[in-house]
Amino acid sequence: MELIVAADSKWGIGKNGGLLAHLPSDMKYFREHTEGKAVVMGRKTLESLPGRKGLPNRVNYVLTSNPDFRAERCIAVHTEEELWDAISRYEPKNVFLIGGATLYNWFYSMCDRLYVTKMEGDLGADTFITNFDEDGSFEVVSESEPVTENGITYRFVVYQKKAK
Ligand SMILES: NC(=O)c1ccc[n+]([C@@H]2O[C@H](COP(=O)([O-])OP(=O)(O)OC[C@H]3O[C@@H](n4cnc5c(N)ncnc54)[C@H](OP(=O)(O)O)[C@@H]3O)[C@@H](O)[C@H]2O)c1
């Protein structure tokens with residue numbers, strides 16, 4: 001499994017149930033990496049998507065404890081075991097963990113690659129993920145030139161799990 005996230009300098013990723021910033025080039029990057037693949041998200045992240053629908057051109061798995069959960073284009077999974085069963089049929093590089101904080105923090109250590117859009121500055125988040133630089137299990141394998149959009153400067157950074 002791989003992971004994709006946009007985080008600010010404090011590893012904040014969200015505020016009031018939504019994202020910290022609207023960054024068109026980052027949205028394109030996200031789409032290019034995830035289209036045609038399976039994506040895994042928590043129920044709250046699904047609720048934050050337009051129309052509360054799964055993303056088009058992707059197989060959307062939503063983790064929720066609610067047995068009655070239904071949403072368009074989504075496959076609900078109710079336990080971690082059910083989730084692993086569902087994604088085990090894919091090659092690891094074809095499954096992306098797309099949030100939110102609860103899922104990132106629980107499952108990032110099972111990911112091989114982390115695609116982190118690193119936004120400069122403290123953007124006032126109320127939801128945070130693990131600092132992957134301090135974690136020590138991953139190393140940076142690529143980092144783009146900075147991009148500035150809507151007053152926010154950011155880079156596309158890719159981390160790879162270190163060999164044991
Ligand atoms: N910056 C980014 O790249 C990015 C990406 C995605 C999301 N976000 C942001 O992250 C925030 C949402 O994150 P969050 O941590 O609050 O929510 P979340 O991870 O999206 O969803 C949490 C929900 O997932 C379900 N869940 C989690 N673990 C489970 C388990 N083991 N078994 C069954 N169900 C489980 C539960 O749903 P039930 O309550 O239904 O049981 C739980 O309430 C929002 O602000 C969003 O915009 C940011």
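Residues numbered from 1 in each chain as written. Predicted model: local features only at pLDDT ≥ 70, side-chain atom pairs only at ≥ 80, totals over all residues.

*Asks:* Sorry if this is basic, but what is going on with the site of the ligand here?
*Replies:* Within the structure, the ligand sits among 27 residues, and Gly14, Gly42, Ser65, Gly99 and Gly100 are positioned closest to it. Residue assignment for the shell around the ligand shows that the elements contributing at least two residues are β1 (2-7), β2 (12-14), β3 (38-42), α2 (43-48) and α4 (101-107). Counting residues per element, the shell around the ligand draws most heavily on α2, which supplies four residues. Along the lines of polarity and charge, the residues of the shell around the ligand split into nine nonpolar, 15 polar and three charged. (Near = placed C-beta within 6 Å. Helix = DSSP H or I, 4+ residues; strand = E, 2+ residues; numbered from the N terminus. Nonpolar A, V, L, I, M, F, W, Y, C, P; charged D, E, K, R; others polar.)

*Asks:* Explain the nonpolar core here, please?
*Replies:* Grouped together as the largest cluster of nonpolar side chains are 38 residues, with contacts concentrated most on Leu3, Val5, Ala7, Val40, Leu97, Tyr104 and Leu114. It is β1 that contributes the most residues to this core, five residues altogether. Contacts of Tyr104, omitting those with residues within four sequence positions, involve Leu3, Val5, Leu97, Gly99 and Ile129. (Core = buried A, V, L, I, M, F, W, Y, C linked by C-beta atoms within 7 Å. Buried ≥ 20, exposed ≤ 12 C-beta atoms within 10 Å, placed from the backbone. Contact = placed C-beta atoms within 7 Å.)

*Asks:* Whenever I open this one, unusual backbone geometry confuses me. Can you help?
*Replies:* Negative phi is the rule for most residues except glycine; trans is the rule for most peptide bonds. Cis rather than trans, the peptide bond between Gly99 and Gly100 has omega equal to -5 degrees. By the element assignment, Gly100 lies in the loop between β6 (95-97) and α4. Positive phi outside glycine occurs at Arg52, with the angle close to 55 degrees. Among the structural elements, Arg52 can be located in the loop between α2 and β4 (59-63). The phi torsion at Asn150 lies on the positive side, around 50 degrees, for a residue other than glycine. Relative to the assigned elements, Asn150 resides in the loop between β10 (147-149) and β11 (152-161).

*Asks:* What is the right way to look at the pairing of β3 in this model?
*Replies:* Regular strands place side chains that alternate from one sheet face to the opposite one. Counting buried positions along β3 gives four out of five residues, so the element sits mostly inside the fold. In this structure, β3 lies alongside β4, joined through five bridges in parallel fashion. Across the sheet, the residue bridging to Val40 is Tyr61, located in β4. In this view, the connection linking β3 to its parallel neighbour β4 by way of α2 has right-handed handedness. Strand direction decides the pairing type here: β3 and β6, joined by three bridges, are parallel. Note that in β6 the partner of Val40 across the bridge is Leu97. (Pairing = 2+ DSSP bridges. Right-handed = clockwise from strand over helix to strand, strands pointing away.)

*Asks:* Looking at this structure, how should I read the pairing of β11?
*Replies:* Where strand β7 (residues 113-119) meets β11, seven bridges bridge the pair, whose relative direction is antiparallel. Each bridged residue has a counterpart across the sheet, and for Val116 the counterpart in β11 is Val157. Taken together, the five bridges between strand β9 (residues 138-143) and β11 define a ladder with antiparallel strand orientation. Within the sheet, the bridge partner assigned to Ser142 lies in β11 and is Val158. Bridging between β10 and β11 involves three bridges; their strand directions are antiparallel. When the sheet's bridge partners are listed, Glu149 is paired in β11 with Ile152. Where β10 hands over to β11, the hairpin turn is made up of two residues, of which Asn150 adopts a positive phi near 50 degrees.

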